[in-house]
Amino acid sequence: EVHLVESGGGLVQPGGSLRLSCAASAFTFNTYWMTWVRQAPGKGLEWVANINHDGSEKYYVDSVKGRFTISRDNAKNSLYVQMNSLRAEDTAVYYCAREGRYHGSGTTWYHFDYWGQGTLVTVSS
Amino acid sequence: SVLTQPPSVSGAPGQTVTISCTGNSANIGAGYDVHWYRQLPGAAPKLLIYGNNNRPSGVPDRFSGSKSDTSASLAITGLQAEDEADYYCQSYDISLSGPHIFGTGTKVTVL
(Lines give C-alpha, C1' and ligand atoms only; values in the text may rest on other atoms or scores of the structure.)
Protein backbone atom coordinates (compact mmCIF):
# COMPACT_ATOMS: atom_id res chain seq x y z
CA GLU A 1 0.00 0.00 0.00
CA VAL A 2 1.32 3.45 -0.93
CA HIS A 3 2.40 5.33 2.17
CA LEU A 4 3.32 9.00 2.58
CA VAL A 5 4.49 10.37 5.93
CA GLU A 6 5.13 14.06 6.50
CA SER A 7 7.35 15.43 9.24
CA GLY A 8 9.06 18.64 10.26
CA GLY A 9 6.11 20.80 11.24
CA GLY A 10 6.08 22.94 14.35
CA LEU A 11 5.94 26.42 15.78
CA VAL A 12 8.09 29.06 14.13
CA GLN A 13 8.28 32.82 14.48
CA PRO A 14 7.32 35.15 11.62
CA GLY A 15 10.29 35.52 9.31
CA GLY A 16 11.63 32.14 10.32
CA SER A 17 12.32 28.99 8.33
CA LEU A 18 11.20 25.40 8.40
CA ARG A 19 11.85 22.35 6.26
CA LEU A 20 9.15 19.76 5.80
CA SER A 21 9.85 16.22 4.68
CA CYS A 22 7.66 13.54 3.16
CA ALA A 23 8.82 9.93 3.21
CA ALA A 24 7.32 7.77 0.48
CA SER A 25 7.07 4.00 0.27
CA ALA A 26 5.52 1.14 -1.67
CA PHE A 27 5.70 2.75 -5.11
CA THR A 28 8.34 3.72 -7.65
CA PHE A 29 8.92 7.21 -6.28
CA ASN A 30 11.22 8.39 -9.06
CA THR A 31 8.53 8.04 -11.72
CA TYR A 32 5.91 10.32 -10.17
CA TRP A 33 5.26 14.04 -9.87
CA MET A 34 4.78 15.00 -6.23
CA THR A 35 2.85 17.87 -4.69
CA TRP A 36 2.43 19.85 -1.49
CA VAL A 37 -1.07 21.01 -0.52
CA ARG A 38 -1.90 23.06 2.56
CA GLN A 39 -5.00 23.76 4.59
CA ALA A 40 -5.22 26.71 6.95
CA PRO A 41 -7.23 26.11 10.13
CA GLY A 42 -10.90 25.91 9.27
CA LYS A 43 -10.23 26.72 5.61
CA GLY A 44 -10.15 24.89 2.30
CA LEU A 45 -7.38 23.16 0.42
CA GLU A 46 -4.71 25.18 -1.37
CA TRP A 47 -2.22 23.69 -3.80
CA VAL A 48 1.27 24.97 -2.93
CA ALA A 49 3.92 23.46 -5.18
CA ASN A 50 4.84 20.46 -7.26
CA ILE A 51 7.91 18.83 -8.75
CA ASN A 52 8.42 16.42 -11.59
CA HIS A 53 9.96 12.97 -11.34
CA ASP A 54 13.60 14.07 -11.58
CA GLY A 55 13.33 17.52 -10.01
CA SER A 56 13.91 19.44 -13.22
CA GLU A 57 10.48 21.10 -13.23
CA LYS A 58 8.95 22.92 -10.29
CA TYR A 59 5.86 25.07 -9.98
CA TYR A 60 4.56 27.23 -7.14
CA VAL A 61 1.44 29.12 -6.17
CA ASP A 62 2.11 32.85 -6.37
CA SER A 63 1.83 33.42 -2.63
CA VAL A 64 4.91 31.26 -1.87
CA LYS A 65 7.09 32.05 -4.88
CA GLY A 66 10.54 33.18 -3.83
CA ARG A 67 10.01 31.95 -0.28
CA PHE A 68 9.37 28.19 -0.64
CA THR A 69 11.55 25.69 -2.48
CA ILE A 70 10.35 22.21 -3.32
CA SER A 71 12.89 19.44 -3.84
CA ARG A 72 13.21 15.70 -3.81
CA ASP A 73 15.80 13.00 -3.18
CA ASN A 74 14.90 9.96 -5.24
CA ALA A 75 17.62 7.89 -3.61
CA LYS A 76 15.86 8.41 -0.28
CA ASN A 77 12.30 8.30 -1.65
CA SER A 78 11.72 11.67 -0.06
CA LEU A 79 10.05 14.97 -0.90
CA TYR A 80 10.88 18.25 0.80
CA VAL A 81 9.78 21.84 0.99
CA GLN A 82 12.05 24.50 2.41
CA MET A 83 9.94 27.35 3.73
CA ASN A 84 11.66 30.70 4.38
CA SER A 85 10.39 34.13 5.41
CA LEU A 86 7.36 32.50 6.95
CA ARG A 87 4.27 34.57 7.57
CA ALA A 88 1.24 34.12 9.80
CA GLU A 89 -0.81 33.27 6.72
CA ASP A 90 1.41 30.25 6.08
CA THR A 91 -0.04 28.62 9.18
CA ALA A 92 -1.65 25.41 7.96
CA VAL A 93 -1.55 21.65 7.85
CA TYR A 94 0.77 20.71 5.01
CA TYR A 95 0.04 17.53 3.07
CA CYS A 96 2.24 15.81 0.55
CA ALA A 97 0.46 13.94 -2.20
CA ARG A 98 1.36 11.75 -5.12
CA GLU A 99 0.25 12.89 -8.54
CA GLY A 100 -1.31 9.84 -10.10
CA ARG A 101 -1.64 9.94 -13.85
CA TYR A 102 -4.06 8.68 -16.45
CA HIS A 103 -4.58 9.26 -20.16
CA GLY A 104 -7.59 10.78 -21.85
CA SER A 105 -8.31 12.86 -24.95
CA GLY A 106 -4.72 12.43 -26.08
CA THR A 107 -3.38 14.04 -22.90
CA THR A 108 -1.82 12.85 -19.67
CA TRP A 109 -3.77 14.13 -16.69
CA TYR A 110 -2.78 14.24 -13.07
CA HIS A 111 -4.72 13.95 -9.84
CA PHE A 112 -3.76 13.46 -6.21
CA ASP A 113 -4.30 9.77 -5.65
CA TYR A 114 -2.48 9.31 -2.33
CA TRP A 115 -2.04 11.74 0.53
CA GLY A 116 -0.04 11.80 3.72
CA GLN A 117 -1.59 12.50 7.11
CA GLY A 118 -0.28 16.06 7.18
CA THR A 119 2.02 18.06 9.43
CA LEU A 120 1.01 21.29 11.17
CA VAL A 121 3.02 24.46 10.69
CA THR A 122 2.21 27.34 13.02
CA VAL A 123 3.74 30.74 12.37
CA SER A 124 3.34 32.91 15.42
CA SER A 125 5.34 35.04 17.81
CA SER B 1 -10.01 30.06 -5.57
CA VAL B 2 -11.38 30.32 -9.09
CA LEU B 3 -13.50 27.18 -8.66
CA THR B 4 -16.67 28.01 -6.77
CA GLN B 5 -18.66 25.48 -4.75
CA PRO B 6 -21.69 25.97 -2.50
CA PRO B 7 -20.55 26.25 1.13
CA SER B 8 -22.96 23.57 2.27
CA VAL B 9 -25.55 21.08 1.12
CA SER B 10 -27.66 18.74 3.19
CA GLY B 11 -29.96 15.79 2.78
CA ALA B 12 -31.68 13.04 4.67
CA PRO B 13 -30.35 9.48 4.64
CA GLY B 14 -31.19 7.80 1.36
CA GLN B 15 -31.62 11.03 -0.54
CA THR B 16 -29.47 12.40 -3.37
CA VAL B 17 -27.37 15.51 -3.03
CA THR B 18 -25.47 17.31 -5.77
CA ILE B 19 -22.45 19.57 -5.38
CA SER B 20 -21.58 22.02 -8.13
CA CYS B 21 -18.13 23.29 -9.08
CA THR B 22 -18.20 26.40 -11.25
CA GLY B 23 -15.15 27.60 -13.13
CA ASN B 24 -14.44 29.63 -16.25
CA SER B 25 -12.81 29.50 -19.65
CA ALA B 26 -9.31 29.30 -18.13
CA ASN B 27 -9.95 26.06 -16.28
CA ILE B 28 -12.96 23.74 -16.64
CA GLY B 29 -14.16 25.59 -19.72
CA ALA B 30 -10.77 25.09 -21.35
CA GLY B 31 -11.47 21.37 -21.40
CA TYR B 32 -9.49 20.40 -18.33
CA ASP B 33 -10.58 17.40 -16.34
CA VAL B 34 -12.14 17.73 -12.89
CA HIS B 35 -11.38 15.56 -9.89
CA TRP B 36 -13.20 15.30 -6.56
CA TYR B 37 -11.91 14.64 -3.04
CA ARG B 38 -13.63 13.85 0.23
CA GLN B 39 -12.21 14.95 3.55
CA LEU B 40 -13.65 13.37 6.65
CA PRO B 41 -13.33 15.38 9.90
CA GLY B 42 -9.75 15.39 11.13
CA ALA B 43 -8.47 13.32 8.22
CA ALA B 44 -6.51 13.88 5.04
CA PRO B 45 -8.41 14.29 1.78
CA LYS B 46 -9.07 11.19 -0.28
CA LEU B 47 -9.58 10.90 -4.03
CA LEU B 48 -13.23 10.22 -4.83
CA ILE B 49 -13.62 10.86 -8.57
CA TYR B 50 -10.95 11.45 -11.21
CA GLY B 51 -11.22 12.43 -14.83
CA ASN B 52 -14.70 13.93 -14.40
CA ASN B 53 -16.52 10.66 -13.83
CA ASN B 54 -14.13 7.81 -12.92
CA ARG B 55 -14.14 6.14 -9.52
CA PRO B 56 -10.91 4.77 -8.03
CA SER B 57 -11.04 1.20 -6.82
CA GLY B 58 -13.04 0.94 -3.60
CA VAL B 59 -15.22 4.02 -4.12
CA PRO B 60 -18.88 2.95 -4.22
CA ASP B 61 -21.01 3.70 -7.27
CA ARG B 62 -23.19 5.98 -5.11
CA PHE B 63 -20.68 8.65 -6.10
CA SER B 64 -20.73 9.97 -9.65
CA GLY B 65 -19.31 12.97 -11.45
CA SER B 66 -20.13 14.95 -14.54
CA LYS B 67 -18.80 17.95 -16.42
CA SER B 68 -20.36 20.41 -18.83
CA ASP B 69 -19.02 23.67 -20.26
CA THR B 70 -17.49 25.62 -17.38
CA SER B 71 -18.81 23.54 -14.49
CA ALA B 72 -18.78 20.10 -12.96
CA SER B 73 -20.95 18.25 -10.47
CA LEU B 74 -20.63 15.51 -7.91
CA ALA B 75 -23.73 13.50 -7.06
CA ILE B 76 -24.10 11.35 -3.98
CA THR B 77 -27.06 8.98 -4.14
CA GLY B 78 -28.38 6.94 -1.23
CA LEU B 79 -26.87 9.39 1.24
CA GLN B 80 -25.39 7.75 4.33
CA ALA B 81 -24.30 9.11 7.68
CA GLU B 82 -20.65 8.45 6.85
CA ASP B 83 -20.92 10.74 3.82
CA GLU B 84 -20.93 13.73 6.14
CA ALA B 85 -17.67 15.40 5.18
CA ASP B 86 -16.10 18.20 3.18
CA TYR B 87 -15.89 17.76 -0.58
CA TYR B 88 -13.50 19.57 -2.94
CA CYS B 89 -13.27 19.74 -6.69
CA GLN B 90 -9.89 20.20 -8.36
CA SER B 91 -8.81 21.09 -11.88
CA TYR B 92 -6.14 22.96 -13.80
CA ASP B 93 -5.89 26.61 -14.77
CA ILE B 94 -3.90 28.14 -17.61
CA SER B 95 -4.07 31.66 -16.18
CA LEU B 96 -2.17 30.89 -13.01
CA SER B 97 1.52 30.27 -12.36
CA GLY B 98 0.88 26.81 -11.03
CA PRO B 99 -1.13 24.06 -12.69
CA HIS B 100 -3.52 22.94 -9.97
CA ILE B 101 -6.48 24.64 -8.33
CA PHE B 102 -9.03 23.50 -5.77
CA GLY B 103 -12.63 24.47 -5.34
CA THR B 104 -13.78 26.39 -2.31
CA GLY B 105 -15.15 23.25 -0.68
CA THR B 106 -18.62 22.06 0.31
CA LYS B 107 -19.73 20.71 3.65
CA VAL B 108 -22.24 17.87 3.27
CA THR B 109 -24.53 17.40 6.25
CA VAL B 110 -26.66 14.30 6.67
CA LEU B 111 -29.83 15.31 8.46
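Structure: see above.
Quantities reported herein were computed from a predicted structural model and do not represent experimental measurements. (Residues numbered from 1 in each chain as written. Chains lettered and ligands numbered in written order. Predicted model: local features only at pLDDT ≥ 70, side-chain atom pairs only at ≥ 80, totals over all residues. Heavy atoms only, no water.)

Section: unusual backbone geometry
All names here are of chain A. The phi dihedral of Ala26 falls on the positive side, at around 70°, and the residue is not glycine. Among the secondary structure elements, Ala26 is positioned in the loop between strand 3 (18–25) and strand 4 (33–39). For Ala26, a relative accessible area of 54% gives the class exposed. The phi angle at Ser85 is positive, at roughly 45°, despite the residue not being glycine. Within the fold, Ser85 resides in the loop between strand 8 (78–83) and strand 9 (92–104). (Helix = DSSP H or I, 4+ residues; strand = E, 2+ residues; numbered from the N terminus. Buried < 20%, exposed > 50% of the residue type's maximum accessible area, 1.4 Å probe, protein only.)

A few points about the interface of chain A and chain B
Taken together, the contacts link 25 residues of chain A with 20 residues of chain B. For the pair chain A and chain B, the summed buried surface comes to about 1700 Å²; carbon and sulfur atoms form 65% of the total. The interface formed by chain A and chain B includes 0 salt bridges. Between the two partners, chain A and chain B, sit 9 residue pairs in polar contact (both at pLDDT 80 or more). Of all the secondary structure elements, the ones that give two or more residues to the side of chain A that touches chain B are strand 4, strand 5 (45–51), strand 6 (58–60), strand 9 and strand 10 (107–115) of chain A. For the side of chain A that touches chain B, the element with the most residues is strand 10 of chain A, which contributes 6 residues. Of the residues contributing to the side of chain A that touches chain B, the split by class is 12 nonpolar, 7 polar and 6 charged. (Contact = heavy atoms within 4.5 Å. Buried area = accessible area lost by both parts, 1.4 Å probe. Salt bridge = Lys/Arg side-chain N within 4 Å of Asp/Glu carboxyl O. Polar contact = N/O pair within 3.5 Å; in protein donor to acceptor, adjacent residues only side chain to side chain. Nonpolar A, V, L, I, M, F, W, Y, C, P; charged D, E, K, R; others polar.)

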